[in-house]
Amino acid sequence: MRKVLITGGAGFIGSHIVDQFARSLPDCKITVLDKMTYAADFRNLSELLITNRIELAVGDICDYDLCERLVDGCDLVIHAAAESHVDNSFHSSLLFTNTNVLGTHTILEACRTKNVPRIVHISTDEVYGEVLTGAVDETAQLNPTNPYSASKAAAEMIVNGYIHSFALPVIMVRANNVFGTRQYPEKLIPRCCLSLIQGTKIPLHGNGKNVRHYLAAKDLAAAIQLISEVGELHEIYNIGSPDEFTNVEVASAICNAFGVKFEDHVEFVRDRPFNDRRYSVVWDKVTALGWRPKHSFRDEIDDIAGWYRLNHQRYN
């Protein structure tokens, strides 16, 4: 592989994907396209930028001319750019539709005109909606329940249209909740860490019993690389983890990592307008390619807490 474009590569998930490809493909030219909004950070890529290992193009995924220029000659495009925080989508939903739907349409059209041979579109397990019992596979009906997941489902419909109309060589990925370092503190794990560091109480929505599966960013990045190399075109791959916890259990584990008592450092706050109680996916298809998650939440939480202790000033 000679040339790869990764959209949203200065954000949390995107930067871990960039790390994976930069490490595994030392001779590949890697370009990152990122608008550098609030959740992106140059420091996520600083070592790779300083050594000129990657190039960073600052721009909007909805800028067609820019996208067309950047995808020209690419062997692979990984589309990770997105607005992703559900809470924000309740009051800024048009921004989510613009970035997640129009942005996806823009990059796909650029890839079509420049004949990019392989594209990986990163979606989310939230497009399935609530899964109260069992788990769903890739054939399950989409049932998004908030503006964020609706915009991601709409983006998938754009992808499907390009597959059926133009045979565009796209693979879609639907991943569990992702955790790791560099995550902006609007999400649960970094918000817990930053609250404890700043001496404030951890706010938990509702009764804290909503359940999520937690997938390490490093494991997701490894899965995406494998799928980009051997995944079947036009297929969908769920990427999951066996780690399933309530929000209370996550906050409790983080309190333990900081050596404080849960009951003294957590407060329950008003819930979201609608808060899916549980997501759960079957991920046999990606394991059949040879992938397995290697990092568990319990094993990683001490290192993540340590990272936020050292880097909390980023978010002041």
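Structure's up top.
Residues numbered from 1 in each chain as written. Predicted model: local features only at pLDDT ≥ 70, side-chain atom pairs only at ≥ 80, totals over all residues. Heavy atoms only, no water.

### Things to note about the overall build of the protein chain
Of the regular secondary structure elements, the protein chain holds twelve helices and twelve strands. Radius of gyration (C-alpha) of the protein chain: 19 Å, near the 20 Å computed for a compact globule of 316 residues. When the backbone C-alpha atoms are referred to their principal axes, the protein chain occupies close to 55 × 45 × 40 Å. A burial count over the protein chain gives 56% of its 316 residues as buried. Pairs at least 24 apart in sequence give 83% of the contacts found in the protein chain among residues at least 6 apart. For the protein chain, the accessible surface area stands at approximately 13500 Å², while carbon and sulfur atoms represent 49% of it. Both charge centroids of the protein chain, one from 31 positive and one from 39 negative side chains, sit 2 Å from each other. (Helix = DSSP H or I, 4+ residues; strand = E, 2+ residues; numbered from the N terminus. Rg over C-alpha atoms; globule rule 2.2 N^0.38 Å. Buried < 20%, exposed > 50% of the residue type's maximum accessible area, 1.4 Å probe, protein only. Contact = heavy atoms within 4.5 Å. Areas by Shrake-Rupley, 256 points an atom, 1.4 Å probe, with all protein chains shown as cover. Lys, Arg positive; Asp, Glu negative; His and termini not counted. Charge placed at Lys NZ, Arg CZ, Asp CG, Glu CD.)

### A short note on the packing of helix α7 (residues 188–198) against helix α12 (residues 297–311)
Angle between the axes and distance between the axes are the two parameters that describe a pair of packed helices. The N-to-C vectors of α7 and α12 enclose an angle of 50°; their axes lie 10 Å apart at closest approach. As the angle between them shows, α7 and α12 are arranged oblique. As for how α7 packs across α12, the hand of that crossing is right-handed. Contacts between α7 and α12 involve Ile189, Pro190, Cys193, Leu194 and Ile197 from the first element and Phe297, Ile301, Ile304, Ala305, Tyr308 and Arg309 from the second. The residue inventory of the contact of α7 with α12, partitioned by class, reads ten nonpolar, no polar and one charged. (Axes fitted to C-alpha atoms, helices over the stretch in contact; angles between N-to-C directions. Parallel < 35°, antiparallel > 145°, perpendicular 65-115°, else oblique. Left-handed = near helix turned anticlockwise from the far one by under 90°. Nonpolar A, V, L, I, M, F, W, Y, C, P; charged D, E, K, R; others polar.)

### A word on the layout of surface pockets
In this structure, the second largest pocket spans a volume of roughly 180 Å³. What lines the second largest pocket is Asp19, Arg43, Asn44, Leu45, Ser46, Glu47, Leu48, Thr181, Arg182, Trp307, Asn311 and Arg314. The biggest single contributor to the lining of the second largest pocket is helix α2 (residues 46–50), with three residues. For the lining of the second largest pocket, a count of residues per class yields three nonpolar, four polar and five charged. (1 Å grid on protein atoms, 1.4 Å probe; cavity = no way out; pocket = protein on both sides within 12 Å on 5 of 7 lines; lining within 4 Å. Points joined across faces, edges and corners; volume = space filled by probe spheres on them.)

### Considering the sheet that holds strand β5 (residues 119–124)
Across the sheet, which stays open at both edges, the seven strands sit in the order β3-β2-β1-β4-β5-β6-β10 with parallel pairing between neighbours. With one partner strand each, in any of the chains shown, β3 (54–58) and β10 (236–239) form the two edges of the open sheet. Adjacent strand axes in the sheet meet at a mean angle of 20° when their direction is disregarded. Two strands pair when backbone bridges link them, and strand β2 (residues 29–34) and β3 are joined in this way by five bridges, in the parallel orientation. For Asp34, the partnering residue across the bridge sits in β3 and is Val58. Its contacts with the sheet put helix α6 (residues 147–166) on β5 and β6 (170–175), and the angle it makes with β5 is roughly 150°. (Pairing = 2+ DSSP bridges.)

### Section: the sheet that holds strand β9 (residues 211–216)
The strand order β7-β9-β11 describes an open sheet built from three strands, whose pairing is mixed. Every other strand in the sheet has two partners, leaving β7 (177–179) and β11 (244–246) as the edge strands with one partner each. With strand direction ignored, the average angle separating the axes of adjacent strands in the sheet is 50°. The pairing of β7 with β9 spans three bridges and is classified as parallel. Bridging from a neighbouring strand, Val178 pairs with Leu215 of β9.

### Structural notes on the environment of Leu25
Residue position: Leu25 is located in the loop between α1 (12–24) and β2. A sequence separation of 24 residues divides Leu25 from Met1, and the C-alpha atoms of the two residues are 7.7 Å apart. Ignoring any residue separated from it by four or fewer positions in sequence, one finds Leu25 in contact with Met1, Arg53 and Gln225.

### So, the nonpolar core
One recurring pattern in soluble globular proteins: nonpolar side chains tend to sit buried together. Ranked by size, the top nonpolar core spans 41 residues in total, and within it Ile17, Phe21, Ile78, Ile224 and Ile239 carry the most contacts. For this core, the elements supplying multiple residues, two or more each, are β1 (3–7), α1, β2, β4 (76–79), β5, β6, α8 (217–230) and β10. The biggest single contributor to this core is α8, with six residues. The contact partners of Phe21, leaving out residues within four places of it in the chain, are Ile30, Arg53, Leu76, Ile78, Ile224, Gln225 and Ser228. Judged by nonpolar contacts, the second largest core, of 28 residues, contains Phe245, Cys255, Phe262 and Ile301. (Core = buried A, V, L, I, M, F, W, Y, C linked by side-chain atoms within 4.5 Å.)

### Here we look at the side chain of Glu300
Along the chain, the position of Glu300 falls in helix α12. Classification of Glu300 as buried rests on a relative accessible area of 14%. Those residues in contact with Glu300, other than ones at most four positions away along the chain, are Phe179, Lys218 and His295.

### Let's talk about the packing of aromatic side chains
Inspection of the entire model under this criterion finds eleven aromatic pairs. Taken together, a centroid distance of 5.2 Å and an interplanar angle of 50° make the contact between Phe245 and Phe297 tilted. Of the two residues, Phe245 sits in strand β11 while Phe297 sits in helix α12, which places them 52 residues apart along the sequence. Side by side, Phe245 and Phe297 carry an identical accessibility label, which is buried. Following the ring pairs from residue to residue traces out a cluster consisting of Tyr38, Tyr184, Trp307, Tyr308 and Tyr315. A cation sits over an aromatic face here: Arg309 above Phe258, 4.3 Å from the ring centre. (Phe/Tyr/Trp six-rings, centres within 6.5 Å; stacked < 30°, edge-to-face > 60°. Lys NZ or Arg CZ within 6 Å of the ring centre and 35° of its normal.)

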